[in-house]
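# Fold and geometry: a report
Below are the chains, spelled out letter by letter.
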Amino acid sequence: MSARFGERVRAALDERGPLCVGIDPHASLLAEWSLSDDASGLREFGLRTVEAASGRVGLVKPQVSFFERFGSAGFAALEEVLAAARAAGLLVIADAKRGDIGSTMDAYAAAWLLPGSPLEADALTVNPFLGVGSLDGAFDLAREHDKGLFVLAATSNPEATALQRSTSATGRAVSADIVSVVSARNAEHAEAGEWGSFGFVIGATVDWTDAGLAAFTPLAPILAPGFGSQGATPADLRHRFGSMSPAVVASESRSILSAGPTGLAAAIDARVAEYREASRG
């Protein structure tokens, strides 16, 4: 199998299904888990989630902000969680939504994607709203080291609608332009029949027609927040994403994490079964 990130995601989805477990240590969840609201609590929360996810799903997605709020100690906890997840064979998406220009973006990319970095992940979420070209350094580094990017394209938060659905100079919605430009990069580097390694963040509650989106080639992973607590269900996956549904990474966090440390593994198993059943429908 190719070592390219897109193909690794493809294999993970084929083997384990679409569920991606978010590692989001909200203060309220830490309390529910009887953990302290500090770096030590974050570490325990993250490692327990990795342990429960291992062998059950193919991907996890730590939300960086919850670790960042405790400064260097929080980042140290995150480093342990990232390393443990990758050692367990999970594909790790660092949800940091980085986006900047020039050498600053290059440094962000190195922090999260460079092999051997303390924060090394398999993929990083990135923000293209300074222009897709501002992410060139991240695209280059990801390609060089068989890493992935998930580019924000059509998010489900209402504050984003005016910008993402506005008409660009091409006459298309901004979201559609982002998908087109990134898909062209995938086409340049993916082998025939392979999935691209530069994926997209498209909310599970987004109406593709309203957002100006259409099916794209080559196929690339779609990170889809919005399942679980935000309202989308496994049964909605094929309806929402149509022909793109085989590439969907369905991100859930609170809906699963609220089961607590003793119920987490069972909650993951149950949700995996729901996605499996929905795929047969």
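For the structure, check the block above.
A brief report on the enclosed structure follows.

Basis of the calculations
- Residues numbered from 1 in each chain as written.
- Predicted model: local features only at pLDDT ≥ 70, side-chain atom pairs only at ≥ 80, totals over all residues.
- Heavy atoms only, no water.
- Pairing = 2+ DSSP bridges.
- Helix = DSSP H or I, 4+ residues; strand = E, 2+ residues; numbered from the N terminus.
- Axes fitted to C-alpha atoms, helices over the stretch in contact; angles between N-to-C directions.
- Contact = heavy atoms within 4.5 Å.
- Left-handed = near helix turned anticlockwise from the far one by under 90°.
- Buried < 20%, exposed > 50% of the residue type's maximum accessible area, 1.4 Å probe, protein only.
- Expected span 1.5 Å × (residues − 1).
- Bend = angle between axes of the 7 residues up to and from the residue.
- 1 Å grid on protein atoms, 1.4 Å probe; cavity = no way out; pocket = protein on both sides within 12 Å on 5 of 7 lines; lining within 4 Å.
- Points joined across faces, edges and corners; volume = space filled by probe spheres on them.
- Nonpolar A, V, L, I, M, F, W, Y, C, P; charged D, E, K, R; others polar.
- Core = buried A, V, L, I, M, F, W, Y, C linked by side-chain atoms within 4.5 Å.

### Some details on the sheet that holds strand S1 (residues 19-23)
On the basis of which strands lie adjacent, the closed barrel formed by eight strands has the order S1-S2-S3-S4-S5-S6-S7-S8 and parallel pairing. Averaged over all neighbouring strand pairs, the angle between strand axes comes to 30°, with direction disregarded. With five bridges joining them, strand S5 (residues 148-154) and strand S6 (residues 198-202) adopt parallel strand pairing. Across the sheet, the residue bridging to Leu149 is Phe198, located in S6. The strands touched by helix H3 (residues 39-53) within the sheet are S1 and strand S2 (59-62), with S1 carrying the most contacts at an inclination of about 165°.

### Quick look at the packing of H3 against helix H12 (residues 260-280)
Direction vectors running N to C along H3 and H12 enclose 35°, while the axes themselves pass 9 Å from each other. Of the two possible hands of crossing, H3 and H12 adopt the one that is right-handed. Between H3, through Arg48, Thr49, Ala52 and Ala53, and H12, the contact on the second element is made entirely by Pro261, Leu264, Ala265 and Ile268.

### Description of the pairing of S6
Regular strands have side chains that alternate between both faces of the sheet. Buried residues dominate S6, accounting for five of its five residues. Here S6 shows two buried faces, one formed by Phe198, Phe200 and Ile202 and the other by Gly199 and Val201.

### Regarding H12
The first and last C-alpha atoms of H12 sit 29 Å apart over 21 residues, in line with the 30 Å expected at 1.5 Å per residue. Of all the bends in H12, the greatest, near 30°, is centred on Ala266. Considered for burial, the residues of H12 that qualify are Gly260, Leu264, Ala267, Ile268, Arg271, Val272 and Tyr275. In this structure, the buried residues of H12 make contact with helix H1 (5-16), S1, H3, helix H10 (237-241), strand S8 (248-252) and helix H11 (254-257).

### Looking at the layout of surface pockets
In this structure, the largest pocket encloses a volume near 480 Å³. Broken down by secondary-structure element, the contributors of at least two residues to the lining of the largest pocket are strand S3 (91-98), S8 and H11. The computed volume of the second largest pocket comes to approximately 360 Å³. Going through the elements one at a time, H1, H10 and H12 are the ones with two or more residues in the lining of the second largest pocket. The greatest single-element share of the lining of the second largest pocket, amounting to five residues, is contributed by H12. Counted by class, the lining of the second largest pocket contains twelve nonpolar, three polar and four charged residues.

### Here we look at the nonpolar core
Generally speaking, a soluble globular protein has its nonpolar side chains buried in company with each other. If you look at the biggest cluster of nonpolar residues, it comprises 90 residues, and the most contacted ones within it are Leu59, Trp112, Leu149, Ile202, Phe227, Phe241 and Ile268. Among the elements that make up this core, the one with the highest residue count is S5 (six residues). Aside from chain neighbours lying at most four places away, what touches Ile268 is Leu19, Val21, Ala52, Ala53, Arg56, Val57 and Ile256.

### As for the environment of Ile101
By the secondary structure assignment, Ile101 is in the loop between S3 and helix H6 (102-113). When the C-alpha atoms of Ile101 and Leu135 are compared, they prove to be 7.1 Å apart, with 34 residues separating the residues in sequence. Ignoring any residue separated from it by four or fewer positions in sequence, one finds Ile101 in contact with Leu130 and Ser134.

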